[in-house]
Amino acid sequence: MTPLRRLAPLLLLLPAAGPAAADDSFKAVAAPFLQTHCLDCHGPDAQEGRFRVDTLPAAADTPEAAARWGRAFARLEAGEMP
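Residues numbered from 1 in each chain as written. Predicted model: local features only at pLDDT ≥ 70, side-chain atom pairs only at ≥ 80, totals over all residues. Heavy atoms only, no water.

Looking at this model, I keep getting lost on the overall build of the chain. Mind explaining?
Counting its secondary structure elements, the chain contains four helices and zero strands. Start at the N end of the chain and walk to the C end: the helices and strands fall as α-α-α-α. Relative to its full complement of 82 residues, the chain shows a buried share of 27%. Sequence separation of at least 24 residues holds for 38% of the intrachain contacts in the chain that already meet a minimum separation of 6. For the chain, the computed accessible surface area is about 5,200 Å², with 57% contributed by carbon and sulfur atoms. (Helix = DSSP H or I, 4+ residues; strand = E, 2+ residues; numbered from the N terminus. Buried < 20%, exposed > 50% of the residue type's maximum accessible area, 1.4 Å probe, protein only. Contact = heavy atoms within 4.5 Å. Areas by Shrake-Rupley, 256 points an atom, 1.4 Å probe, with all protein chains shown as cover.)

Below, the structure written as structure tokens:
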């Protein structure tokens, strides 16, 4: 299973899960995925494409958060990342 296929279901459920469930899911699934596949190039020390994943919110519950998650998801879906 590709990394995107493991992460995509979580991303789709985060907004509907509620704040506590979204935070728990983020910590259990998304954060380890981001740590493994993304932070070397998009973390506090390097921001390729001026994009940081370490500051992504646990839920895409605001327009800004949804746009940031959408940008990350689009790159994954296009096969550009990771």
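How should I be thinking about the environment of Thr 36 in this particular structure?
Along the chain, Thr 36 turns up in helix α2 (residues 19–37). By relative accessible area, which is 59% here, Thr 36 ends up exposed.

Just to check I follow, could you spell out the confidence of the model for the chain for this structure?
For residues with low pLDDT, the predicted coordinates do not support detailed interpretation. Per-chain confidence: the chain averages 78 in pLDDT, with 73% of residues scoring 70 or above. Here helix α1 (residues 3–17) stands out as the least confident element of the chain, with mean pLDDT 55; helix α3 (residues 39–42) is the most confident, with 92. (pLDDT = per-residue confidence, 0-100.)

Any chance you could explain the pattern of salt bridges here in plain terms?
Close approach of charged atoms allows side chains with opposite charge to pair. Using the criterion set out here, one finds two salt bridges in the structure. Glu 80 is the partner of Arg 75 in a salt bridge, and the nearest nitrogen-oxygen pair spans 2.6 Å. (Salt bridge = Lys/Arg side-chain N within 4 Å of Asp/Glu carboxyl O.)

Is there a simple way to explain unusual backbone geometry in this structure?
The phi angle of most residues is negative, glycine excepted, and most peptide bonds adopt the trans form. Phi at Arg 50 takes a positive value of approximately 50°, unusual for a residue other than glycine. By secondary structure assignment, the location of Arg 50 is in the loop between α3 and α4 (63–77). Judged by relative accessible area, which is 79%, Arg 50 ranks as exposed.

Would you take a moment to explain α4 for this structure?
Here α4 is 15 residues long and its end C-alpha atoms lie 20 Å apart, about the 21 Å a rise of 1.5 Å per residue gives. Of the residues making up α4, those classed as buried are Ala 65, Trp 69, Ala 72 and Leu 76. In a view along the axis of α4, the buried residues occupy a sector of 60°, so they form one face of it. Exposed side chains of α4 directed beyond 90 degrees from the buried face belong to Pro 63, Glu 64 and Glu 77. After α4 finishes, the residue Gly 79 shows a positive phi value of roughly 80°. (Expected span 1.5 Å × (residues − 1). Arc of directions from axis to C-beta.)

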